[in-house]
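Geometric and topological summary
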Amino acid sequence: MQLQIQQVVPIPLKPNLLNRQSDIWLKGITFLPGTRVKIKAASGTGKTTFIHFLYHLRNDYEGNIFWGDTDIQNFTPAQLAQHRQQKISIVFQDLRLFPNLTARENIELKRVMQQPLYPESTIKEMAEQLGITKILHQRAGICSYGEQQRIAIIRALMQPFEWLLMDEPFSHLDQENTRKAAALITEECNKRNAGFILTDLDDDHYFTYHQNLVL
Ligand SMILES: Nc1ncnc2c1ncn2[C@@H]1O[C@H](COP(=O)(O)OP(=O)(O)OP(=O)(O)O)[C@@H](O)[C@H]1O
């Protein structure tokens, strides 16, 4: 499924953005299926805002966002729910784990929210790959931010998707753990022929991107 952004601008930020150069705001841009897109921008320039527009958590923008042929504003609640279960997955910047559930329960909830894509054993396999097996039984709320980030990444990989949205997904990880997480994400996207959109403050060398954009 291709994604098209047409002349999008956040209404609250419009006065500030009109004087800035951007590859995305107020532009026409297409993200082809299965491609890897990096969006780099300084703090406070709208990365989270843009990701929330794509996931339809916010709609205070002008312009249009098309997932395939459908303007996201025209999705019914049922279509949006199905879209989020089958077509797009997300790693939020603020992670949004349930603090009183264990790491495993947070991931398991996502696994069973639709016809499960993977057996339960995959949770342990991915946790081993990312080095968080020991905290799977621990409440997410007492896990370190780096551990929580890895839980959120595995949770996002538990469901089917054509696009994975990731908002500064490695901000609490050291280089070695980022390398491992990037390898797992690449493997999972390749299995699904899926694309991803990743935001970050700086350049990185963990992926080869098809599009490298500045917000
Ligand atoms: N609903 C809103 N109304 C008005 N301004 C908002 C709203 N939401 C966010 N902003 C402002 O929009 C700007 C961009 O915020 P956003 O969180 O998208 O930036 P960001 O690039 O993700 O930042 P960071 O890298 O620090 O996480 C900020 O100045 C923020 O205060």
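Just so you know, these numbers come straight off a predicted model, no measurement behind them.

Reading guide: rules and limits
Residues numbered from 1 in each chain as written. Predicted model: local features only at pLDDT ≥ 70, side-chain atom pairs only at ≥ 80, totals over all residues. Heavy atoms only, no water. Salt bridge = Lys/Arg side-chain N within 4 Å of Asp/Glu carboxyl O. Helix = DSSP H or I, 4+ residues; strand = E, 2+ residues; numbered from the N terminus. Buried < 20%, exposed > 50% of the residue type's maximum accessible area, 1.4 Å probe, protein only. UniProt positions renumbered as here; feature names shortened; annotations may be inferred. Core = buried A, V, L, I, M, F, W, Y, C linked by side-chain atoms within 4.5 Å. Contact = heavy atoms within 4.5 Å. Axes fitted to C-alpha atoms, helices over the stretch in contact; angles between N-to-C directions. Parallel < 35°, antiparallel > 145°, perpendicular 65-115°, else oblique. Left-handed = near helix turned anticlockwise from the far one by under 90°. Expected span 1.5 Å × (residues − 1). Pairing = 2+ DSSP bridges.

What follows deals with the pattern of salt bridges. In the structure shown here, the tally under the stated rule is 12 salt bridges. Arg111 is the partner of Glu108 in a salt bridge, and the nearest nitrogen-oxygen pair spans 2.8 Å. In this pair, Glu108 and Arg111 are both assigned in helix H4 (residues 103-111), three residues apart and thus about one turn of the helix distant. When its relative accessible area of 10% is taken as the criterion, Arg111 is described as buried.

This paragraph deals with the UniProt feature "domain: ABC transporter" (unreviewed entry) in the protein chain. Summarizing the sequence annotation, UniProt attributes the feature "domain: ABC transporter" (unreviewed entry) to residues 3-215 in the numbering used throughout. Helix makes up 34% of residues 3-215 and strand makes up 21%, while its end C-alpha atoms are separated by 17 Å.

The biggest cluster of nonpolar side chains holds 37 residues, and the ones touching the most others in it are Leu164, Phe170, Ile185 and Phe196. Broken down by element, the residue count for this core peaks at six residues, all from helix H6 (residues 145-157). The residues contacting Phe170, other than those within four sequence positions of it, are Gln149, Ile153, Thr178, Ala181, Ala182, Ile185, Leu198 and Phe207.

Orientation of H4 relative to H6, taken along the N-to-C sense of each, is 20°, at an axis distance of 8 Å. Here H4 is positioned roughly parallel relative to H6, judged by the angle of their axes. Relative to H6, H4 is oriented so that their crossing is right-handed. Taken together, the residues of H6 that come into contact with H4 (itself represented by Ala103, Asn106, Ile107 and Lys110) are Ile151, Ile154 and Arg155.

Along its 13 residues, H6 runs 18 Å from first to last C-alpha, staying within 8% of the 18 Å computed at 1.5 Å per residue. Among the 13 residues of H6, 12 are classified as buried, and the element is accordingly described as predominantly covered. Listed as buried for H6 are Gly146, Glu147, Gln148, Gln149, Arg150, Ile151, Ala152, Ile153, Ile154, Arg155, Ala156 and Leu157. Those residues of H6 hidden inside the fold are in contact with strand S6 (88-91), H4, helix H5 (121-130), strand S7 (163-167) and helix H7 (175-192).

On to unusual backbone geometry. Its identity is not glycine, yet Leu95 carries a phi of approximately 65°, on the positive side. The residue Leu95 is located in the loop between S6 and H4 in this model. At Asn193, a position not held by glycine, the phi torsion is positive, near 55°. The topology assignment puts Asn193 in the loop between H7 and strand S8 (195-200).

On the basis of which strands lie adjacent, the open sheet formed by five strands has the order S6-S7-S8-S3-S9 and parallel pairing. Two strands lie at the open edges of the sheet, namely S6 and strand S9 (211-214), each paired on one side alone. Direction aside, neighbouring strands of the sheet carry axes that sit 15° apart on average. Relative to S7, S6 is paired through four bridges, and the arrangement is parallel. Across the sheet, residue Ile90 finds its bridge partner in S7, namely Leu165. Against the sheet, H6 makes contact with S6 and S7, and its axis sits at roughly 180° relative to S6, the strand it touches most.

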